[in-house]
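Spelled out from the first residue to the last, the chains are:
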Amino acid sequence: MNIKQLAAEKAVDWVEDGMMVGLGTGSTAVYAIRKLGERVQQGLHIKAVATSVESEKLAKEMSIPIIPFAEVGQIDLTIDGADEVDPDLNLIKGGGGALLREKIVAARSRQVMIVAGDNKVVKRLGAFPLPVEVVTFAHEWTIEKLASMGCTPVLRKTESGEVFVTDNGNYTVDCHFKEILNPARMHRQLNDIPGVVDNGLFIGMASTAVIAYNSGTIEILRAGK
Ligand code: 5RP
């Protein structure tokens, strides 16, 4: 079993009968959705909300009851991946292109559990290019403003060379900062740029991180500890 699967399946142990569960996006979250689906097929009763069209499709294939966000009250537990996790459990997310819905679902969740291999744990955020979701209108100008923040911005393209469009109809700009010294300030400054919808910094949102190592060990990191 690889480290993504190890972390993701461990996190599913925290899901209890009757919970409203947030389903993340990305290759690690896929393992959590599959495992959760197996538990549902064995009789676990939950409802879920997905953070992307892709995750929703997989959840439905796995017989997980999906409800629209408008009908969601409080979400008990969201299980999601991350591109980087720092010692305060601040995150970079959005490598998989779903940061906006992921952030909305995280904000509605009592508990956000991050699942990742130890390669995602960093001392300081920023080596991974920070994804920023921008509206298509005037995106060239928004990209210039992002560059003025001290990064090299790259408009995300698909493998076939088309501009990548998010589930919300926006573009994603990957901002190469190398390191982000003050993530909370950077988060505010980026979201102040007209045309920016949101950015992939998740500050103070994760409550727990389930980190798996190649040795098969699992470490549970908790925010504020
Ligand atoms: C998607 C995300 C993903 O959780 C993040 O990119 C990690 O993905 P993976 O598990 O495939 O490494 O934020 O928007």
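Keep in mind it's a predicted model, so treat the numbers as computed, not measured. Starting afresh in each chain, residues are numbered from 1 along the sequence in its written order. The predicted origin of the model limits local features to residues at a pLDDT of at least 70 and limits the giving and counting of side-chain atom pairs to 80 or more, whereas totals for whole chains, interfaces and linings rest on all residues.

Caption draft 1: Seen up close, the nonpolar core. Counting residues in each nonpolar core, the largest one holds 56 residues, and the members touching the most others are Ala-7, Ala-11, Ala-32, Ile-114 and Val-115. Residue ranges labeled as domains rest on an automatic or database domain assignment. Looking at which domains feed residues into this core, each of domain 1 (3–118 + 203–222) and domain 2 (130–193) supplies at least three. Distance between backbone-placed C-beta atoms decides contact: two residues are in contact if it is within 7 Å. Not counting chain neighbours up to four residues away, the residues in contact with Ala-7 comprise Thr-28, Val-115, Ala-116, Gly-117, Val-210, Ile-211, Ala-212 and Ile-218. As used here, a nonpolar core is made of buried Ala, Val, Leu, Ile, Met, Phe, Trp, Tyr and Cys residues. They are joined through C-beta atoms within 7 Å. Exposed residues have 12 or fewer other C-beta atoms within 10 Å of their own C-beta, buried residues have 20 or more, and partly exposed residues fall in between, where C-beta atoms are placed from the backbone.

Caption draft 2: Highlighting the site of the ligand. Taken together, 18 residues lie near the ligand, and Gly-26, Thr-28, Gly-81, Gly-95 and Gly-96 sit nearest. If you list the elements that add at least two residues to the shell around the ligand, you get helix 2 (27–41) and helix 4 (99–107). Note on conventions: DSSP H or I runs of at least 4 residues are helices, E runs of at least 2 residues are strands, and numbering of each starts at the N terminus. Looking at the shell around the ligand, the element that brings in the most residues is helix 2, giving three residues. Taken together, the residues of the shell around the ligand break down into four nonpolar, 10 polar and four charged. For each residue, a C-beta position is placed from the backbone atoms; the residue is near a molecule or strand when that point lies within 6 Å of it. Residues are grouped as follows: nonpolar covers Ala, Val, Leu, Ile, Met, Phe, Trp, Tyr, Cys and Pro; charged covers Asp, Glu, Lys and Arg; every other residue, Gly included, is treated as polar.

Caption draft 3: The arrangement of helix 1 (residues 3–12) in detail. Within helix 1, eight of the 10 residues are buried, which leaves the element mostly enclosed by the surrounding structure. Along helix 1, the residues classified as buried are Ile-3, Lys-4, Leu-6, Ala-7, Ala-8, Glu-9, Ala-11 and Val-12. Check the buried side of helix 1 and you find it contacts helix 2, strand 3 (75–80), strand 6 (109–117), strand 12 (208–212) and strand 13 (218–222).

Caption draft 4: Here's a closer look at the UniProt feature "active site" (unreviewed entry) in the protein chain. UniProt positions are given in the numbering used here, feature names are shortened, and annotations may be inferred rather than shown by experiment. The UniProt feature table records "active site" (unreviewed entry) at Glu-102. Accessibility expressed as a C-beta count within 10 Å gives 32 for Glu-102, which makes it buried. Beyond its immediate sequence surroundings of up to four residues, Glu-102 is in contact with Gly-24, Thr-25, Thr-51, Asp-80 and Lys-93.

Caption draft 5: Up close: the domain arrangement of the protein chain. According to the domain assignment, the protein chain consists of domain 1 (3–118 + 203–222) and domain 2 (130–193). Here domain 1 and domain 2 have C-alpha centroids that lie 24 Å from each other. Each partner contributes to the interface: domain 1 provides 12 residues, whereas domain 2 provides 11 residues. Top element by residues in the side of domain 1 that touches domain 2 is helix 4. It accounts for three residues. In terms of residue class, the side of domain 1 that touches domain 2 is built from six nonpolar, five polar and one charged.

Caption draft 6: The arrangement of the sheet that holds strand 9 (residues 171–176) in detail. An order of 8-9-7-10 is seen for the four strands of this open sheet, with the pairing classed as antiparallel. Two strands bound the open sheet, and with one partner strand each, they are strand 8 (152–155) and strand 10 (196–199). Recorded for the sheet is a direction-independent mean angle of 30° between the axes of neighbouring strands. We call two strands paired when DSSP finds no fewer than two bridges between them. Bridge analysis of strand 7 (residues 130–134) against strand 10 gives three bridges, and the strand direction is antiparallel. Here an axis means a line fitted to C-alpha atoms, over the contact stretch when the element is a helix, while the angle between two N-to-C directions is reported on a 0 to 180 degree scale.

Caption draft 7: Layout of the packing of helix 2 against helix 3 (residues 53–61). Packing of helix 2 against helix 3 leaves a shortest axis separation of 9 Å and a crossing angle of 25°. Compared by their axis directions, helix 2 and helix 3 come out roughly parallel. Remark: the crossing between helix 2 and helix 3 carries right-handed chirality. Facing helix 2, whose interface residues are Ala-29, Val-30, Ile-33 and Gly-37, helix 3 presents Ser-55, Leu-58 and Ala-59. Its residues placed into classes, the contact of helix 2 with helix 3 shows five nonpolar, two polar and no charged. Roughly parallel means an angle under 35 degrees; roughly antiparallel means over 145; roughly perpendicular covers 65 to 115; every other angle is labelled oblique. Crossing handedness: left-handed means the near helix sits turned counterclockwise from the far one by under a right angle, and right-handed means the same turn made clockwise.

Caption draft 8: Region of the structure containing the pairing of strand 9. Burial runs high along strand 9: five of the six residues are buried. Across five bridges, strand 7 lies against strand 9 in antiparallel orientation. The residue of strand 9 that forms the bridge with Glu-133 is Thr-172. With four bridges joining them, strand 8 and strand 9 adopt antiparallel strand pairing. Following the sheet pairing, Val-154 is matched in strand 9 by Asp-174.

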